[in-house]
Each structure stands twice: as C-alpha cells, then as structure tokens.
2 protein chains.
Amino acid sequence: MSSRLYHVPLSPFCRKVRLVMAEKKLEVELVEERYWEKEPDFLRRNPAGKVPVLKFGAMMMAESQPICEYIEEKHPEPALLPKTAEGRYEVRRLCAWFDDKFHHEVTANLLYERVNKKVTGEGYPESRNVKAGAKAVKYHLDYMAWLLDQRRWLAGDALTMADFAAAAHLSSLDYICDVDWNRSANVKDWYAKIKSRPAFRSILADQVPGFPPPPHYADLDF
Amino acid sequence: MSSRLYHVPLSPFCRKVRLVMAEKKLEVELVEERYWEKEPDFLRRNPAGKVPVLKFGAMMMAESQPICEYIEEKHPEPALLPKTAEGRYEVRRLCAWFDDKFHHEVTANLLYERVNKKVTGEGYPESRNVKAGAKAVKYHLDYMAWLLDQRRWLAGDALTMADFAAAAHLSSLDYICDVDWNRSANVKDWYAKIKSRPAFRSILADQVPGFPPPPHYADLDF
C-alpha cells in the first residue's frame, strides 16, 4: 500500500500524522504542498484547502484527528489509544486541548505570526499576538507539568496519540526557539524521551528555507 | 446515573452533545453556564474554560467530540457511528469540517458577532466579519447540497453524529435567521427530517433573553 502525505514541515497537524505513522512503522512519501496558493488539483484532494492530506491506499483523507483515528483502527499495534473508554476519552480530550486551545492561543500567535506569514507573503508578525502567545505558552507548559507530576505520559502511564499531538506543537515551536525548556524539569524530561524515539527522526531533519533551526533543535541532549 | 450538562443554549458544541444524548434517550439536566465570567468553580470543572462540560456518572468531561465518542462507546445503541473504519472516518471528517471550518468561517462570524458579543458585553458586531460569514455560509450550504445529492444523510445512508454536528451549527444560525433554506431543496429536506426527530425538541424550545427566535425556528413545516 503506497501512502503519500501532502504537508508543510512545521504544521503541527501534519507532524502529528507523521509521528503516528512513524511510530507504527508505516512508510509514507512526503510531498510539500503550498496549500495557501489554492491550486485546483489540491482543492480536489481536499475541498477544505488545508494540510495534512493523506493518500492512504484507496483513501484520500483530510483532518488530522480523523486520520489518526483511522490509522489506529487499521493498524492497532503499537496501540496509541488505551483499552478503556475512559482512557480513550482522556487521550481525545488532550488531543483536542492541543489542536484547538493550544493551537489557537500559542501556535497561531507564535509560529503563524513569525513563520507562516512570511512564507505565505501575508506580511509581518503582529507584536500584540506574539506577546499573547509568549504569555500563553507558559500557562500551557505549567498545565503539562501538572499532568506529568501525576502520570508518566500526558494521558496516563503509556505513550499515546496525546503525546504526539503535544509534541507536534512543541517541536514546531522549538524550531523557532519559542519553548523555554527550563521552565519545568518534567516537561523537559518528557520531551527528551519522546524526541529520542525513532519516530521523531524525520521531524528533527526538517528544514524550512529562510528559517534555519537553532542547534539545540535536533540535539537529543538539549 | 445522573448527568448534568453545563452549557449555553446557542452553543453548537453544546447542542451536538444534547442531540447525541437525546437520540440515545440519555437524560441530562441542563445548567446554563456563564463561562465567560471564568468563575473558579467552573474552571475547576474544565481548566479550558469552555462549554460544554458534562458530568456523566463519575466523569467530568470537556470537549464535544471526545464526549460524543465516549457516549457512543458506552451507549452504542442507536449507533451514531458506522460499523466500518472508512465510514467512521467520514463521520469524523465531517464533524471536524463543521466544528472547525464551518465554525471558524460561519458560526464565529455570524452567531458570535451578533449574539455572543452582546451577551458577554464585548460590544458590537464587526460588519466585515458578518459579511464574511454571510458569504461563507452559502459555500457551505452548497457543499452540503453536493453531499446530499449522493447520500441520504451527510456521511452516508444512515443518520450519524455528523448530521447532529451540522444541525447543531445550522440550528443556532437559524435562531438568528442566518440560514437561507431556499438555497437548496435537499438541504432543506435534510433539515426538515432532522428537525422533526424527538431528539430535536429541547433545541427548538431554547430561548435566549433579548433574542426572541423567529416564528419559523421551531416550526417543523418551515
């Protein structure tokens, strides 16, 4: 089954799909997609005009969470959702926390202001938004630290999709030096653990023209 | 098992949960929550500070899609997700379409500008946003019409969570007369079918002080 992911390197939603597929050892060809140019070919693949879009066997799929749920159902090993309904709820709640709340309050204010606006030609960062993002990321790191005080991984004692959802956002922000890893020792330990997984290698090799990553970005001993 | 939903009447995310629970004949006490006042008690129930929040047995739950998935797992009859992984993917994709894209392009621009800003004391509607929402809703109605040309319900030949996600947004907009039902006969037929279900009764009885609904809102023969 040949798979192809239309993506942009720093998109946390694309990264979540890449991490889930890599953890399950599913090969996928990566194709960068300038989705903001709204090419008719791309809009045929996904009328929503967003990445990720995944060609997976005969399916052409959009929306990162439904994609990840489908992959989990078709390739259940290694499991990235717990066995109990309560456990699955907590993973899905945290995926929504990062993909909705964290995305809106942090990723959009920092990454999209600093990088996406330049790449897509939309102009300069709005400093008010950057300030709001820099303030909000602290609150979110503290929330993660609180969860990790009680749990080995974000949603419980096993690695799940929720860790990949969070790591997808944080790794994209780390690429532009917007995460203060000294704020919490257990968040840093968690990120060190997840960053050293083989599934993370492709993420750490990403390069965006005009935005070289800082030296610590790909360093497992950051 | 006594359930309680902290909600606001016109929130499409709360309405989705109400519709899914009502379709499964699960009783729930509705408690209006002035979430924008960020009362400490409410933030303890959901640190994300949003509605819906559902007390369901021993669980205190947030995020409408994870809530609906949990309810579906614990109360699988009548089924609101299909039996195949491909079918479930399509339902989840459409839920994400309405809760993310439609919400951002339409609901936020119309309902939040016209109603939420007044209720929460944020000020007056921004006419640029209202115009953008009025334009976008046409595109979305056409997309629904295209789906319903090929299918009895939005995600296939059976009623699913996707229909409730869509109907939750459209019913909230219909409360403020922002849906042109004459644009597409099959979208209107679809809404007439879903509106006449017993699960819809509580939605049609909603009243927001200062915003009386138009006569056609609760009329099954609109």
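Below: a short report on this structure.

Parameters and conventions
Residues numbered from 1 in each chain as written. Chains lettered and ligands numbered in written order. Predicted model: local features only at pLDDT ≥ 70, side-chain atom pairs only at ≥ 80, totals over all residues. Heavy atoms only, no water. Contact = heavy atoms within 4.5 Å. Buried area = accessible area lost by both parts, 1.4 Å probe. Salt bridge = Lys/Arg side-chain N within 4 Å of Asp/Glu carboxyl O. Polar contact = N/O pair within 3.5 Å; in protein donor to acceptor, adjacent residues only side chain to side chain. Helix = DSSP H or I, 4+ residues; strand = E, 2+ residues; numbered from the N terminus. Nonpolar A, V, L, I, M, F, W, Y, C, P; charged D, E, K, R; others polar. 1 Å grid on protein atoms, 1.4 Å probe; cavity = no way out; pocket = protein on both sides within 12 Å on 5 of 7 lines; lining within 4 Å. Points joined across faces, edges and corners; volume = space filled by probe spheres on them. Pairing = 2+ DSSP bridges. Axes fitted to C-alpha atoms, helices over the stretch in contact; angles between N-to-C directions. Parallel < 35°, antiparallel > 145°, perpendicular 65-115°, else oblique. Left-handed = near helix turned anticlockwise from the far one by under 90°. Buried < 20%, exposed > 50% of the residue type's maximum accessible area, 1.4 Å probe, protein only.

**A look at the interface of chain B and chain A**
Tallying the contact residues gives 26 residues for chain B and 26 residues for chain A. Interface area for chain B against chain A, summed over the two sides, is near 2200 Å², with a carbon-plus-sulfur share of 58%. Considering only the surface of chain B that becomes buried against chain A, Glu73(B), Tyr89(B) and Arg92(B) emerge as the three largest contributors, covering 25% of it. Where Arg92(B) meets Glu73(A), a salt bridge forms, and the shortest distance between an N and an O atom there is 3.1 Å. One can count 16 residue pairs in polar contact (both at pLDDT 80 or more) joining chain B with chain A. Among the elements of the structure, strand S4 (59–62), helix H3 (64–74), helix H4 (85–119) and helix H5 (127–150) of chain B are those that each provide at least two residues to the side of chain B that touches chain A. Among the elements that take part in the side of chain B that touches chain A, H4(B) stands out by supplying ten residues, more than any other. Among the residues forming the side of chain B that touches chain A, the class breakdown is 15 nonpolar, no polar and eleven charged.

**Considering the layout of surface pockets**
There is about 380 Å³ of room inside the second largest pocket. Looking at the lining of the second largest pocket, the elements with two or more residues in it are helix H3 (64–74) and helix H4 (85–119) of chain A together with H3 and H4 of chain B. Residue classes in the lining of the second largest pocket are distributed as eight nonpolar, no polar and 14 charged.

**Looking at the sheet that holds strand S1 (residues 3–7) of chain A**
All names here are of chain A. Reading across the sheet, the four strands line up as S2-S1-S3-S4 and stay open at both edges, with mixed pairing between neighbours. Each having just a single partner strand, strand S2 (29–32) and strand S4 (59–62) make up the two edges of the open sheet. Put simply, the sheet's adjacent strands are angled 20° from each other on average, direction ignored. Strand contacts of helix H1 (residues 12–23): S1, S2 and strand S3 (53–56), with the helix running at about 155° to S1, the strand carrying the most contacts.

**As for the packing of H4(A) against H3(B)**
At their nearest, the axes of H4(A) and H3(B) sit 9 Å apart, and the two run at 165° to each other. Relative to H3(B), the element H4(A) is oriented roughly antiparallel. By crossing handedness, the relation of H4(A) to H3(B) is classed as right-handed. Residues Ala85(A), Glu86(A), Arg88(A), Tyr89(A), Arg92(A), Arg93(A) and Ala96(A) of H4(A) form the contact with H3(B), whose own contacting residues are Pro66(B), Ile67(B), Glu69(B), Tyr70(B), Glu73(B) and Lys74(B).

**Topic: the environment of His7(B)**
Residue and element names in this part refer to chain B. The topology assignment puts His7 in strand S1 (residues 3–7). Sequence separation between His7 and Arg197 is 190 residues, and the spatial gap between their C-alpha atoms is 21 Å. Other than its neighbours up to four places away in sequence, His7 contacts Cys14, Arg18, Leu30, Val31, Glu32, Glu33 and Val51.

**Overview of unusual backbone geometry**
Residues and elements named next belong to chain B. A cis amide bond links Val51 to the next residue, Pro52, at an omega of 0°. Structurally, Pro52 can be placed in the loop between helix H2 (40–45) and strand S3 (53–56). Of note, the bond from Glu77 into Pro78 is cis; its omega dihedral lies within 30 degrees of zero at -10°. Its location among the elements puts Pro78 in the loop between H3 and H4. Unlike most non-glycine residues, Lys25 shows phi in positive territory, near 55°. Within the fold, Lys25 resides in the loop between helix H1 (12–23) and strand S2 (29–32). Look at Lys25 and you get exposed, because its relative accessible area is 75%. Although it is not a glycine, Glu63 sits at a positive phi angle of roughly 80°. Take Glu63: it is sitting in the loop between S4 and H3.

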